[in-house]
Amino acid sequence: MSEAGGGRGCGSSVPQRAPWSLVAATAAFCLVSATSVWTAGAAPMSREERQKLGNQVLEMFDHAYGNYMEHAYPADELMPLTCRGRVRGQEPSRGDVDDALGKFSLTLIDSLDTLVVLNKTKEFEDAVRKVLRDVNLDNDVVVSVFETNIRVLGGLLGGHSLAIMLKEKGEYMQWYNDELLQMAKQLGYKLLPAFNTTSGLPYPREYARKALDFLWEKRQRSSNLVGVTINIHTGDWVRKDSGVGAGIDSYYEYLLKAYVLLGDDSFLERFNTHYDAIMRYISQPPLLLDVHIHKPMLNARTWMDALLAFFPGLQVLKGDIRPAIETHEMLYQVIKKHNFLPEAFTTDFRVHWAQHPLRPEFAESTYFLYKATGDPYYLEVGKTLIENLNKYARVPCGFAAMKDVRTGSHEDRMDSFFLAEMFKYLYLLFADKEDIIFDIEDYIFTTEAHLLPLWLSTTNQSISKKNTTSEYTELDDSNFDWTCPNTQILFPNDPLYAQSIREPLKNVVDKSCPRGIIRVREESFRSGAKPPLRARDFMATNPEHLEILKKMGVSLIHLKDGRVQLVQHAIQAASSIDAEDGLRFMQEMIELSSQQQKEQQLPPRAVQIVSHPFFGRVVLTAGPAQFGLDLSKHKETRGFVASSKPYNGCSELTNPEAVMGKIALIQRGQCMFAEKARNIQNAGAIGGIVIDDNEGSSSDTAPLFQMAGDGKDTDDIKIPMLFLFSKEGSIILDAIREYEEVEVLLSDKAKDRDPEMENEEQPSSENDSQSAEQITSSSQEVDLVDQGSPEESSLNSQPESLSPADTDNAASVSPSEQISNPMENHETTSLDGECTDLDNQLQEQSETEEDSNPNVSWGKKVQPIDSILADWNEDIEAFEMMEKDEL
């Protein structure tokens, strides 16, 4: 606690012209002092248990950081499945996500201040020496300005601020002479040319004040909202939807924290103006749904992305606790359902994008809510996060991102922000003040959780500044609250305040009717109006129906190949009500199509290596077969693997004794999948894994498909059959060469690991670790013959009529016009407001729903409906934005 704030109580007004040290210190004091308010509610957690959990966090960090330093440094990031460093240019390109990598030992720099927070001062001093000795900023590489700014520049500044703190204490860093600060300055100069644009906005790969001023001026004046994507040269909005998640989240965080750190009143004014608009239009408790900046009463999408999980924490800093508790609880229910927060999920809480790259935003909000309420409930939430990370993401060489939260499959990825943020927030959640070697309240967290000292606000200024570059004549000054949150108002004498807010939401994910929790606007009800057109009644040859479609903003497009596409542009609808009717119509059409394809659309399966030294940690996502044992309806198949002879499995096996009672490995090609299955079944195999014969093929670059029958009756095939690409199949083959005996589990989703077997685990060698690579599926295709290419399968519809089955590929958008995205999920509420059984729908649809792949070319493929929906232009842009914007 800084000296300036020592005499102020929470709830006291801060004069608008008070020295900024007073404002900053009072804000810090109020946040930490609120912890003492809660003494009841959830069962209190003992100090011993909190210490135990804190020590567990330290061990987890050591596991991640130690493996990075051993197997990856000086590379930017660790690939935890293959136990090697990710070096840009030496690994297959992942697109824009690789723009965070600049060959500057990203993970080490991003972890600097985490080492100090976790009281690892000796390791910190060693790390700083390595940065100064090894890191070179003169690399000829194109990088993301945003990621480099928040991770590298922020990491250097955070490391510098704690280095001088340690130096002042007199024990460590006595040799330090602002070297990290000089590196940060050097990097900043290298980033400046990116701001040399017409608008002053940087190329996305700091004249930050000018950029913020420009964004403020480009807000939509009637709604006070800003879009997600802007043309940096013309200043025109490219995407006119607005939310609090991907692509826009850090903007709001910058405004409020820039006010805290710099003391400029205009930043708070702007934040409050935007916040008022967010709560008016985007907040639909407990949801946060994107809207159109020009038509803010119209939702732009029916799904949410994981990055919005930071917002409850920002609301805590704002002092708006109730909606923070509501949204956080909703997110926690989603996590309890899927173990992690999917990259995107629908308003009825089904998976939209199944990845989870170990994002820290939910942990961040959990920490801030605990600091604001002192409610031990949030300690239990943190405990759940720790357990899930260790149970599902921990691998021998670190922690691996989840490629699919439904199957439990992994991705060979451990982003630097995982060490920079996740362990920092989890440790602070359980730590007492005496567990930290400095006062955390003297610092503010950046968007990457790097620590900047609050005393920066008093440097070269004696009073807070007032911006003079813009006019705010239309602003209502009554909106600007200059007081510190008063805990007696935030938490009225009811010690169960937070619990009373959470209680109505505890079953929202599993039992609530989805539309029932969305704010229903009055204009949605039209007394006596003609019922809207239903998908089951639609006829493409009916002129009246075509006119209704036009009114709803739906266009009918006849393609050259005979297929028909339906496209909705909500902005072209006659009214917001017609746009909603169009949304329902498109969703109904998708559901009808989906029902007809239900038998063909099989979910991905899992191949889990359960023998030593893997013990279930290696999960490979496999393509299913449309014949043989259905793993979703029967118990999983477990057994040792053996290669068949001949390896293609296209004739009677010559080594039946080798595959008897085992799972046979066979190579793709030269005959039908069903023929292979019959041959290994006749030899006594209990299952089969077909490995692609295209060397180097991988689910990272090719869509995963399901194996079809041979056009004959396949009821005679009783064993389960799964498909792996070459890259993933080689993991099993390498394991056989290394260990001879390899046991796998074939199932519909990954199973929990065997604790008893894990206790017997021996340390893995480097070769062991390099075998432990994961894959996942991003979409599916049907391959009828085990020789054809994916493009051989297509679905055609007649141009003169449109049946429900014709619409599975009939979902597209115009890149230049698309505003809304109405078809991402299947609504479970009928037009008359009746609520269907969400539990049954979640069981039948959510767990088998394929996650989207923005890179799939779907024009001639039979694909799951969600893969088609992912090809909507807005989804692609949003996904790319999420990959760029780690916070």
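Calculation notes
- All residue numbers refer to position in the chain's written sequence, counted from 1.
- Note on the predicted model: pLDDT of at least 70 is required for a residue's local features to be given, and 80 or more for side-chain atom pairs to be given and counted; whole-chain, interface and lining totals, by contrast, use all residues.
- As a rule here, side-chain values come from all non-hydrogen atoms in the structure, and water together with hydrogens is ignored.
- The axes are straight lines fitted to the C-alpha atoms, using for helices just the contacting stretch, and the angles between their N-to-C directions are given from 0 to 180°.
- Going along the chain from the N terminus, every DSSP run of H or I of four or more residues is numbered as a helix, and every run of E of two or more is numbered as a strand.
- Rotating anticlockwise by less than a right angle from the far helix to the near helix defines a left-handed crossing, while the corresponding clockwise rotation defines a right-handed one.
- Contacts were defined at the residue level, with two residues in contact if any of their heavy atoms lie within 4.5 Å.
- Three categories are distinguished: nonpolar for Ala, Val, Leu, Ile, Met, Phe, Trp, Tyr, Cys and Pro, charged for Asp, Glu, Lys and Arg, and polar for the others, with Gly belonging to the last.
- Pairs of strands are assigned from DSSP output, requiring at least two bridges between the strands.
- Two cysteine sulfurs form a disulfide in these notes if their separation is within 2.5 Å.
- In this scheme, a residue with accessible area under 20% of its type's maximum is buried, one over 50% is exposed, and one in between is partly exposed, where area comes from a 1.4 Å probe on protein chains only.
- Nonpolar cores were defined as sets of buried Ala, Val, Leu, Ile, Met, Phe, Trp, Tyr and Cys residues, with membership established by side-chain atoms within 4.5 Å.
- Salt bridges are defined as contacts in which a side-chain nitrogen from Lys or Arg sits within 4 Å of a carboxyl oxygen from Asp or Glu.

A. Region of interest: the packing of helix H9 (residues 249–262) against helix H10 (residues 265–282). Their axes nearest at 8 Å, the elements H9 and H10 cross at an angle of 145°. For the pair H9 and H10, the sense of crossing is left-handed. The residues of H10 that touch H9, namely those facing Tyr-251, Tyr-252, Leu-255, Leu-256, Ala-258, Tyr-259 and Leu-262, are Asp-265, Phe-267, Leu-268, Arg-270, Phe-271, His-274 and Ile-278. The residue makeup of the contact of H9 with H10, split by class, is eleven nonpolar, one polar and two charged.

B. Region of interest: the sheet that holds strand E21 (residues 618–622). Within the open sheet, the seven strands sit side by side as E21-E20-E27-E22-E23-E24-E26. Their pairing is mixed. In this open sheet, the two strands that pair with only one neighbour each are E21 and strand E26 (721–724). Averaged over all pairs of adjacent strands, the angle between strand axes in this sheet comes to 30°, irrespective of strand direction. Set on the sheet, helix H22 (residues 673–682) makes contact with strand E23 (663–667), strand E24 (687–691) and E26; between it and E23 the angle comes to about 140°.

C. Highlighting the sheet that holds strand E11 (residues 351–353). The strand order across the open sheet built from three strands is E9-E10-E11, with neighbouring strands paired in antiparallel fashion. If you trace the sheet from one side to the other, it starts and ends with strand E9 (303–305) and E11, each paired once. Across the sheet, the axes of successive neighbouring strands diverge by a mean angle of 30°, strand direction being ignored. In the sheet, strand E10 (residues 344–346) pairs with E11 via two bridges, with the strands oriented antiparallel. Bridge pairing in E11 links Ala-344 to Trp-353.

D. A look at unusual backbone geometry. Residue Tyr-73 is joined to Pro-74 through a cis peptide bond whose omega torsion reads 10°. Within the secondary structure layout, Pro-74 lies in the loop between helix H2 (47–71) and strand E1 (77–79). Omega for the peptide link from His-612 to Pro-613 comes to 0°, which places this bond in the cis form. At Asn-119, a position not held by glycine, the phi torsion is positive, near 65°. Tracing the chain through its elements places Asn-119 in the loop between helix H4 (112–117) and helix H5 (121–134).

E. Molecular detail of the state of the cysteines. Applying the stated criterion across every chain, the model contains two disulfides. A sulfur-sulfur distance of 1.9 Å marks the disulfide that ties Cys-83 to Cys-397. Between Cys-83 and Cys-397, the S-S torsion sits near 100°, and that sign places the bridge as right-handed. The pair formed by Cys-83 and Cys-397 is uniform in burial state, with each residue classed as buried. Here Cys-650 connects covalently by a disulfide to Cys-671, the sulfurs 2.0 Å from one another. Torsion about the S-S bond of the Cys-650 and Cys-671 cystine: about -85°, corresponding to left-handed handedness. One end of the pair, Cys-650, is in the loop between strand E22 (637–643) and helix H21 (656–659); the other, Cys-671, is in the loop between E23 and H22, with 21 residues separating them in the sequence. Classification of Cys-650 as buried rests on a relative accessible area of 17%. Exposure remark for Cys-671: the relative accessible area of 7% places this residue in the buried category.

F. Broad picture of the nonpolar core. With 143 residues, the main nonpolar core has Leu-389, Phe-399 and Phe-438 as its most contacted residues. Tallying contributions element by element places helix H15 (residues 416–430) first for this core, with ten residues. Discounting residues that sit within four places of it in the chain, Phe-438 has contacts with Val-116, Val-117, Leu-162, Met-165, Tyr-443 and Leu-451. Counting residues in hydrophobic clusters, the runner-up holds 22 residues, among them Ile-609, Val-618, Val-641 and Ile-689.

G. Spatial organisation of the pattern of salt bridges. What the rule picks out here adds up to 34 salt bridges. The shortest N-O distance in the salt bridge between Lys-120 and Asp-62 comes to 2.9 Å. Within this pair, whereas Lys-120 is found in the loop between H4 and H5, its partner Asp-62 is found in helix H2, the two being separated by 58 residues in sequence. For Lys-120, a relative accessible area of 11% corresponds to the buried category.

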